[in-house]
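Breakdown of the fold
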Amino acid sequence: MITIREETAADFQSVWLVNELAFGRPQEAALVDALRASARPYLSLVAEIGWRVAGHIFFSPVTIEDGENEDGENVSGAFGLGPMAVLPELQRRGVGSQLVRRGLEECLRRRHEVIVVLGHPEYYPRFGFEPARARGLTCQYAVPDEVFMVKELREGALDGLKGLVKYHPEFDKV
Ligand SMILES: CC(C)(COP(=O)(O)OP(=O)(O)OC[C@H]1O[C@@H](n2cnc3c(N)ncnc32)[C@H](O)[C@@H]1OP(=O)(O)O)[C@@H](O)C(=O)NCCC(=O)NCCS
């Protein structure tokens with residue numbers, strides 16, 4: 001059985017390992033540690049299978065600069081999804097999907113109604129993500145349009161939101 005729950009300090013080491021093994025390098029694991037220390041607010045969930053941490057998902061604030069809001073304030077409450085990771089031997093069993101779905105529910109509960117993600121264009125559309133550029137949002141990083149996606153968790157949440165999306169500065173180091 002898969003249990004999705006909020007991370008506690010007792011999970012930090014397991015979360016590091018899940019990220020390091022899933023990405024095959026330590027950068028994303030280090031990013032999670034850095035974001036925990038400096039991003040506010042954030043949401044960090046783990047997926048547990050039989051007391052073992054099998055997966056992890058992280059959400060942190062992004063800013064949207066539209067020319068009038070160039071001081072980088074998170075006025076929209078928008079969140080960025082990522083990183084997310086599932087232990088290689090436990091992938092393709094629905095763990096990632098449960099993490100995304102529960103994560104989005106929890107974001108909405110906390111009134112973060114716009115979620116962006118930089119990731120696999122074959123994966124996130126199944127959760128309702130669509131290319132962000134078509135909704136007037138661009139990414140600070142030079143990436144193909146289809147990998148930068150957005151989902152509004154309440155109809156109309158994206159109305160009036162346009163511009164350059166910026167992640168927490170710790171993402172620049174990855
Ligand atoms: C992406 C990831 C979190 C998905 O977790 P998961 O538990 O395997 O996901 P699920 O079982 O819910 O879904 C599996 C689906 O994801 C797809 N998928 C998994 N990894 C993928 C990838 N790298 N690119 C595209 N699709 C991928 C599979 O094709 C599968 O689709 P299918 O059901 O149509 O066959 C996991 O593969 C992972 O940790 N990858 C390495 C780290 C990573 O790339 N993180 C995401 C950064 S955006």
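In what follows, the accompanying structure is described. (Residues numbered from 1 in each chain as written. Predicted model: local features only at pLDDT ≥ 70, side-chain atom pairs only at ≥ 80, totals over all residues. Heavy atoms only, no water.)

Thoughts on the sheet that holds strand β9 (residues 148-152)
Our working definition: When DSSP finds two or more bridges between two strands, those strands count as paired. In this description a helix means any DSSP run of H or I spanning at least four residues, a strand means any run of E spanning at least two, and both kinds are numbered starting from the N terminus. For this analysis, residues touch if any pair of their heavy atoms sits within 4.5 Å. The convention used is that axes are lines fitted to C-alpha atoms, helices contributing only their stretch in contact, and that angles between N-to-C directions extend from 0 to 180 degrees.
What the seven strands build is an open sheet, ordered β1-β2-β3-β5-β6-β9-β7; its pairing is mixed. Two strands bound the open sheet, and with one partner strand each, they are β1 (2-6) and β7 (130-131). Where β1 and strand β2 (residues 43-49) come together, five bridges link them in antiparallel fashion. The residue bridging Arg5 from the neighbouring strand is Val46, located in β2. Across the sheet, helix α3 (residues 95-109) is in contact with β1, β2, β3 (52-61), β5 (79-86), β6 (114-118) and β9; its angle to β2 comes to roughly 145°.

Some points on the sheet that holds strand β10 (residues 163-166)
Across the sheet, which stays open at both edges, the three strands sit in the order β4-β10-β8 with mixed pairing between neighbours. Of all strands in the sheet, those bounded by a partner on one side alone are β4 (63-65) and β8 (137-139). Between one strand axis and the next, the sheet turns through 35° on average, direction left out of account. Pairing between β8 and β10: three bridges, direction parallel. Each bridged residue has a counterpart across the sheet, and for Cys139 the counterpart in β10 is Val165.

Notes on the pairing of β9
Across five bridges, the pairing between β6 and β9 is antiparallel. Among the inter-strand pairings, Ile115 is bridged to a residue of β9, identified as Lys151.

Thoughts on the site of the ligand
Let me state the cut-off plainly: Note on terminology: near, applied to a residue and a molecule or strand, indicates that one of the residue's heavy atoms is within 4 Å of it. Counted as a polar contact is a pair of N or O atoms within 3.5 Å, where, for protein atoms, one must be capable of donating a hydrogen and the other of accepting one, and residues adjacent in sequence contribute only when both atoms are in side chains. Where accessible areas are quoted, they stem from the Shrake-Rupley method and a 1.4 Å probe; at the residue level, only the protein chains shown are allowed to cover. Three categories are distinguished: nonpolar for Ala, Val, Leu, Ile, Met, Phe, Trp, Tyr, Cys and Pro, charged for Asp, Glu, Lys and Arg, and polar for the others, with Gly belonging to the last.
Taken together, 19 residues surround the ligand, and among them Val86, Arg92, Gly94, Gly96 and Ser97 come closest. At a separation of 2.7 Å, an oxygen atom of the ligand approaches a polar backbone atom of Arg92. Relative to its unbound accessible area of 860 Å², the ligand is 73% covered by the protein chains. Sorting the residues of the shell around the ligand by element identifies α1 (12-23), β5 and α3 as the ones contributing at least two each. Considering only residue class, the shell around the ligand consists of nine nonpolar, six polar and four charged.

Here's the deal with α3
Under the convention used in this document: Here the expected length of a helix is defined as 1.5 Å per residue gap, with one fewer gap than residues. In this scheme, a residue with accessible area under 20% of its type's maximum is buried, one over 50% is exposed, and one in between is partly exposed, where area comes from a 1.4 Å probe on protein chains only.
The end-to-end C-alpha distance of α3 is 21 Å, a good match for the 21 Å that 15 residues give at a rise of 1.5 Å each. Those residues of α3 lying buried are Val95, Gly96, Ser97, Leu99, Val100, Gly103, Leu104, Glu106 and Cys107. Along its buried surface, α3 packs onto β1, β2, β3, β5, β6 and β9. Note on α3: the residue one or two positions beyond its end, Arg111, has a positive phi of about 65°.

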